[in-house]
Amino acid sequence: MTTLADPPTDDRPDRGTRQAALWATLVAVPLTLLVGALLFAQLSPGAPEDDEPDAPVAASTGPGSTAAVELPAPTLAERPAVVCRALLSKLPPTVRELAQRPVTAGAEQNAAYGDPALTVTCGGPPATAAPTDDVWTVNAVCWHAAPAAGAMVLTTVDREVPVQVTVPTVYEQPLQWLAPVSDAVLSAVPSASPSAIPSGCSPG
């Protein structure tokens with residue numbers, strides 16, 4: 001009996017498919033490795049983002065500035081100079097939340113706090129207070145208030161050596177900023193003679 005053999009199989013399409021798959025694998029594997037290497041380089045800690053040098057950091061400004069505050073320092077006579085040095089030694093390191101800053105001149109007679117700077121100057125001219133002007137008593141020290149550009153200027157009127165505090169208008173209720181300065185004034189600056197103290201001054 002004659003057995004019919006299976007018809008011969010043409011394997012050329014299978015061979016072509018296998019070759020195409022092989023080429024695809026040869027191309028895909030290096031490409032995958034390259035993409036993985038790039039991702040690793042980007043995500044690695046400390047990897048530089050670009051080759052440009054770091055930009056310079058700007059000088060500190062704003063509330064936390066510690067730059068020196070420019071203040072005049074006129075020459076004082078011997079007695080006021082002694083009194084002012086005593087006052088500066090008594091001033092606190094902060095006025096409320098404002099930290100003390102250096103000054104450009106006269107560190108023995110000037111002080112500054114915060115930014116914008118609240119300033120304290122000792123030994124300047126006395127206040128020019130009219131008889132009808134209000135005089136404010138803060139912690140047993142009498143102050144005369146006068147507005148200035150962007151600030152309130154408060155000057156003692158009952159002390160042997162005048163002390164002036166300039167409070168920028170951004171700090172509300174300027175008299176409240178005087179308490180720690182008044183304490184230093186009271187302990188370091190002697191009272192003026194009674195005849196020189198305005199009638200509106202009522203120290204505690």
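Refer to the structure presented above.
Presented here is a report on the structure given in the accompanying data block.

### With respect to the nonpolar core
And step 1. Membership of the largest hydrophobic core comes to 30 residues, with the highest contact counts inside it found for Leu 87, Leu 91, Leu 118, Val 120 and Trp 143.
And step 2. Broken down by secondary-structure element, the contributors of at least two residues to this core are helix 2 (78–90), strand 3 (110–113), strand 4 (118–122), strand 6 (141–148), strand 8 (163–168) and helix 3 (179–188).
And step 3. Top element by residues in this core is helix 2. It accounts for five residues.
And step 4. In this structure, Val 120 is in contact with Leu 91, Gln 109, Asn 110, Ala 111, Tyr 113, Val 163, Gln 164, Val 165 and Val 181, ignoring residues within four places of it in sequence.

### A word on the state of the cysteines
And step 1. As enumerated under the stated definition, the model contains two disulfides in all.
And step 2. One disulfide bridge connects Cys 84 with Cys 122, the sulfur atoms lying 2.0 Å from each other. In this structure, the disulfide formed by Cys 84 and Cys 122 twists by about -80° around the S-S bond and is classed as left-handed. Taken together, the positions of Cys 84 in helix 2 and Cys 122 in strand 4 put the pair 38 residues apart, joining distant regions of the chain.
And step 3. Judged by its relative accessible area of 0%, Cys 84 falls in the buried class.
And step 4. You can call Cys 122 buried: its relative accessible area is 3%.
And step 5. The residue that forms a disulfide with Cys 142 is Cys 201, at a sulfur-sulfur distance of 1.8 Å. Since a negative S-S torsion denotes a left-handed disulfide, the Cys 142-Cys 201 link at about 85° is right-handed. A residue pair is termed long-range when its members are at least 10 positions apart, and Cys 142 in strand 6 and Cys 201 in the segment after helix 3 qualify at 59 residues.
And step 6. You can call Cys 142 buried: its relative accessible area is 0%.

### Focus on the packing of helix 2 against helix 3
Packed helix pairs are characterised by how far apart their axes lie and by the angle those axes make with each other.
And step 1. Following both chains from N to C, one finds helix 2 and helix 3 inclined at 135°, their axes separated by 9 Å at the closest point. Here helix 2 lies oblique to helix 3, going by the angle between them. When you trace helix 2 past helix 3, the crossing you get is right-handed. Mapping the contact onto sequence places Val 83, Ala 86, Leu 87 and Lys 90 in helix 2 and Ala 184, Val 185, Ser 187 and Ala 188 in helix 3.
And step 2. Partitioning the contact of helix 2 with helix 3 into residue classes produces six nonpolar, one polar and one charged.

### Topic: the sheet that holds strand 2 (residues 98–101)
And step 1. What the eight strands build is an open sheet, ordered 1-2-3-4-8-7-6-5; its pairing is antiparallel. Both edges of this open sheet fall to strand 1 (94–95) and strand 5 (135–138), since each of them pairs with a single strand only.
And step 2. With two bridges connecting them, strand 2 and strand 3 associate as antiparallel partners. By the bridge assignment, Arg 101 is partnered in strand 3 with Ala 112.
And step 3. Sheet strands touched by helix 3: strand 1, strand 4, strand 5, strand 6, strand 7 (151–156) and strand 8. Its angle to strand 6, the strand with the most contacts, is close to 130°.

### Remarks on helix 3
And step 1. Taken together, the buried positions of helix 3 are Val 181, Ser 182, Ala 184, Val 185 and Ala 188. Axial view of helix 3: buried residues confined to an arc of 160°, hence all on one face.

### Re the packing of aromatic side chains
And step 1. Taken as a whole, this structure holds one aromatic pair when the rule is applied.
And step 2. When the centroid spacing of 4.9 Å and the interplanar angle of 45° are considered together, the rings of Tyr 171 and Trp 177 count as tilted. Neither residue differs from the other here; Tyr 171 and Trp 177 are each classed as buried.
And step 3. Residue placement shows Arg 96 over the ring face of Trp 177; its charged tip is 4.3 Å from the ring centre.

### Observations regarding helix 2
And step 1. Given a rise of 1.5 Å per residue, 13 residues ought to cover 18 Å, and the 19 Å separating the end C-alpha atoms of helix 2 matches this to within 8%.
And step 2. Where helix 2 is buried, its residues touch strand 3, strand 4, strand 8 and helix 3.

Cut-offs used in this document
Residues numbered from 1 in each chain as written. Predicted model: local features only at pLDDT ≥ 70, side-chain atom pairs only at ≥ 80, totals over all residues. Heavy atoms only, no water. Core = buried A, V, L, I, M, F, W, Y, C linked by side-chain atoms within 4.5 Å. Buried < 20%, exposed > 50% of the residue type's maximum accessible area, 1.4 Å probe, protein only. Helix = DSSP H or I, 4+ residues; strand = E, 2+ residues; numbered from the N terminus. Contact = heavy atoms within 4.5 Å. Disulfide = S-S within 2.5 Å. Axes fitted to C-alpha atoms, helices over the stretch in contact; angles between N-to-C directions. Parallel < 35°, antiparallel > 145°, perpendicular 65-115°, else oblique. Left-handed = near helix turned anticlockwise from the far one by under 90°. Nonpolar A, V, L, I, M, F, W, Y, C, P; charged D, E, K, R; others polar. Pairing = 2+ DSSP bridges. Arc of directions from axis to C-beta. Phe/Tyr/Trp six-rings, centres within 6.5 Å; stacked < 30°, edge-to-face > 60°. Lys NZ or Arg CZ within 6 Å of the ring centre and 35° of its normal. Expected span 1.5 Å × (residues − 1).

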